Amino acid sequence: IAGTYIVNTSSDPLMLRSGASTGKSIIARMPKGAKVRCYGYYTQVNGVKWYYVVYNGKTGFASCKYLKKK
C-alpha cells in the first residue's frame, strides 16, 4: 500500500488526523486532488483502514475510502 495517493473526495476536504478515528484531532484539511504519500502502514478501526500518510510535511492518518492510488 506504500506509495503516492490522490485525495478523492466528492467536494469536502479530507481530514488528516492525529489518530485512526474521526474523533481524533484534525492536523490538516487536504483538498480534493491533493497528493499524499503513504508509508505503507495502516490501522483498522471498525472495518475502516486508516493509512499513515504525510501531507505538506505533516504526518497523520486518513481514511483509505477517500484515497486513490496514483
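Anything mentioned here points back to the structure above.
Conventions used here
Residues numbered from 1 in each chain as written. Predicted model: local features only at pLDDT ≥ 70, side-chain atom pairs only at ≥ 80, totals over all residues. Heavy atoms only, no water. Pairing = 2+ DSSP bridges. Helix = DSSP H or I, 4+ residues; strand = E, 2+ residues; numbered from the N terminus. Phe/Tyr/Trp six-rings, centres within 6.5 Å; stacked < 30°, edge-to-face > 60°. Buried < 20%, exposed > 50% of the residue type's maximum accessible area, 1.4 Å probe, protein only. Contact = heavy atoms within 4.5 Å. Core = buried A, V, L, I, M, F, W, Y, C linked by side-chain atoms within 4.5 Å.

Engineer: Mind laying out the pairing of strand β6 (residues 58-63), listing which residues take part and the relevant values?
Structural biologist: Two strands pair when backbone bridges link them, and strand β5 (residues 48-55) and β6 are joined in this way by six bridges, in the antiparallel orientation. Across the sheet, Y51 pairs through a bridge with A62, a residue of β6. The hairpin turn running from β5 into β6, its antiparallel successor, is two residues long, and N56 in that turn takes a positive phi close to 50°.

Engineer: Which residues make up the packing of aromatic side chains, and what are the values?
Structural biologist: In this structure the tally under the stated criterion is four aromatic pairs. An angle of 50° between the planes, with centres 5.2 Å apart, marks the rings of Y52 and F61 as tilted. For F61, a relative accessible area of 15% corresponds to the buried category. Taken together, the aromatic side chains of Y5, Y42 and Y51 make up a single cluster linked through ring pairs.

Engineer: If you had to explain the environment of P31 to someone new, which residues and values would you point to?
Structural biologist: Looking at the element boundaries, P31 is found in the loop between β3 (26-30) and β4 (35-45). Under the relative-accessibility criterion, P31 is labelled partly exposed at 41%. Along the sequence, P31 and V48 sit 17 residues apart, while their C-alpha atoms lie 21 Å from each other. Apart from residues no more than four positions distant in its own chain, P31 is found in contact with V7, P13 and Y55.

Engineer: Pulling in residues and values, what's your account of the nonpolar core?
Structural biologist: Membership of the largest hydrophobic core comes to 14 residues, with the highest contact counts inside it found for V7, M30, V36, V53, Y55 and L67. Put simply, the parts of the chain that give this core at least two residues each are β1 (3-7), β2 (14-17), β3, β4 and β5. Ranked by residue count, the leading element in this core is β5, at three residues. Those residues in contact with V36, other than ones at most four positions away along the chain, are G3, T4, Y5, V7, M30, V53, V54, Y55 and L67.

Engineer: How would you sum up unusual backbone geometry? Please name residues and give values.
Structural biologist: Not every positive phi belongs to a glycine, and N46 is a case in point at roughly 50°. Looking at the secondary structure, you find N46 in the loop between β4 and β5. Taking the relative accessible area as the measure of exposure, N46 reaches 79% and is therefore exposed. Phi at N56 is positive, roughly 50°, even though this residue is not glycine. Here N56 is to be found in the loop between β5 and β6.

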